[in-house]
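Analysis of the macromolecular model
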Amino acid sequence: MPFLPLLKGATLGVVGFLAGSGLAAGLRSLMGLEPWAAEPVVVVGYAFGLIGWLLGVGLWDTWAREWVGLAPREAPTTGWARYFRFTTDHKVIGLQYLVTFIVLLLLGGAVAVLMRVELIDPASTFMGVNNFNTAMSFHGITMVAVAVATILGGFANFLVPLHIGAEDVAFPRVNALSYWIIPPVAVLLLAGPLMGGY
């Protein structure tokens, strides 16, 4: 099943988020503070959720097993299922970056269209001032910070080793780790308005 690493990563990410949130709430309760304050609970939960996500998508099988003395499991090197798991192949990572860039480009472009529709008629406001400012911030962060970094990472991963005649990049596991941090960042950006905007 090619999507199993993504499902496993999402499941462990949610479990990690819930465990981290519970830990933060428990510690705040022991300190005599209001246990379920949004920011500390979400921050600690997100950190634990990120670790769960990374272990679920394949960091555990490909890399972290060696930390406890176990042999790593080799990921498949052929077939389209390799694009949905933690892999050290620079060409696969480059394509993962580029597909993620296209998704983020479309998402940021859709928000830009919403902003332009809002500005068609100065009298009508279907978004409101706060939502417009949130959409503007989301569009800017998505298009500049995430999308540009993703496209640079995609072309650099795919092309640079081929141009210099190298088999792979210098640190392939760190290279794979740098890509698999991007999907949770995109989720964090999407969840930002739910926590009060930007």
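Use the structure listed above.
Residues numbered from 1 in each chain as written. Predicted model: local features only at pLDDT ≥ 70, side-chain atom pairs only at ≥ 80, totals over all residues. Heavy atoms only, no water.

Next up on the list: the nonpolar core. Among the nonpolar cores identified, the biggest contains 12 residues, and these are W53, L54, V57, L59, W63, F86, I93, Y97, A176, Y179, W180 and I182. Where this core is concerned, the elements lending two or more residues are helix 2 (38-62), helix 3 (90-118) and helix 5 (172-180). Setting aside chain neighbours within four positions, we find V57 in contact with P5, L6, G9, R85, F86 and W180. If you look at the next biggest cluster of nonpolar residues, it comprises 11 residues, including V111, V146, A186 and L189. (Core = buried A, V, L, I, M, F, W, Y, C linked by side-chain atoms within 4.5 Å. Buried < 20%, exposed > 50% of the residue type's maximum accessible area, 1.4 Å probe, protein only. Helix = DSSP H or I, 4+ residues; strand = E, 2+ residues; numbered from the N terminus. Contact = heavy atoms within 4.5 Å.)

A word on the packing of helix 1 (residues 4-30) against helix 2. Here helix 1 crosses helix 2 at 150°, and the two axes come no closer than 6 Å. One element, helix 1, and the other, helix 2, form an angle in the roughly antiparallel class. The way helix 1 lies across helix 2 gives a crossing that is right-handed. Of the residues belonging to the contact of helix 1 with helix 2, the class tally is 17 nonpolar, 9 polar and 3 charged. (Axes fitted to C-alpha atoms, helices over the stretch in contact; angles between N-to-C directions. Parallel < 35°, antiparallel > 145°, perpendicular 65-115°, else oblique. Left-handed = near helix turned anticlockwise from the far one by under 90°. Nonpolar A, V, L, I, M, F, W, Y, C, P; charged D, E, K, R; others polar.)

On to the packing of helix 3 against helix 4 (residues 128-164), then. If you want to describe how two helices pack, look at the angle between their axes and the distance between the axes. Contact geometry of helix 3 with helix 4 gives a least axis separation of 8 Å together with a crossing angle of 160°. Taken together, helix 3 and helix 4 sit at an angle that is classed as roughly antiparallel. Between helix 3 and helix 4 lies a crossing whose hand is left-handed.

What follows concerns the environment of G69. By secondary structure assignment, the location of G69 is in the loop between helix 2 and helix 3. Along the sequence, G69 and V99 sit 30 residues apart, while their C-alpha atoms lie 35 Å from each other.

Any two side chains of opposite charge can pair if their charged atoms end up close together. Tallied over the full model, the rule gives 4 salt bridges. Note that R73 and D61 form a salt bridge whose closest N and O atoms lie 2.8 Å from each other. Remark: D61 occurs in helix 2 and R73 occurs in the loop between helix 2 and helix 3; sequence separation between them is 12 residues. Among the charged side chains, a network of salt bridges with common partners joins K8, D61 and R73. (Salt bridge = Lys/Arg side-chain N within 4 Å of Asp/Glu carboxyl O.)

A separate point is helix 1. Between its first and last C-alpha atoms helix 1 spans 38 Å; for 27 residues at 1.5 Å apiece the expected length is 39 Å, and the two agree. Burial in helix 1 covers these residues: P5, G9, G13, G16, G20, S21, A24, A25 and R28. Looking at the buried positions of helix 1, the neighbouring elements they touch are helix 2. G32 sits one or two residues past helix 1 and shows a positive phi near 85°. (Expected span 1.5 Å × (residues − 1).)

A separate point is a nonpolar patch on the surface. On the surface, a cluster of nonpolar side chains totalling about 620 Å² of accessible area is made up of L23, L27, L30, M31, L33 and F48. For the nonpolar patch, the element with the most residues is helix 1, which contributes 3 residues. Here L33 is to be found in the loop between helix 1 and helix 2. Using a relative accessible area of 41% as the deciding quantity, one classes L33 as partly exposed. (Patch = residues over 30% accessible without salt bridge, like charges linked within 9 Å, V, L, I, M, F, W, Y side chains within 5 Å. Areas by Shrake-Rupley, 256 points an atom, 1.4 Å probe, with all protein chains shown as cover.)

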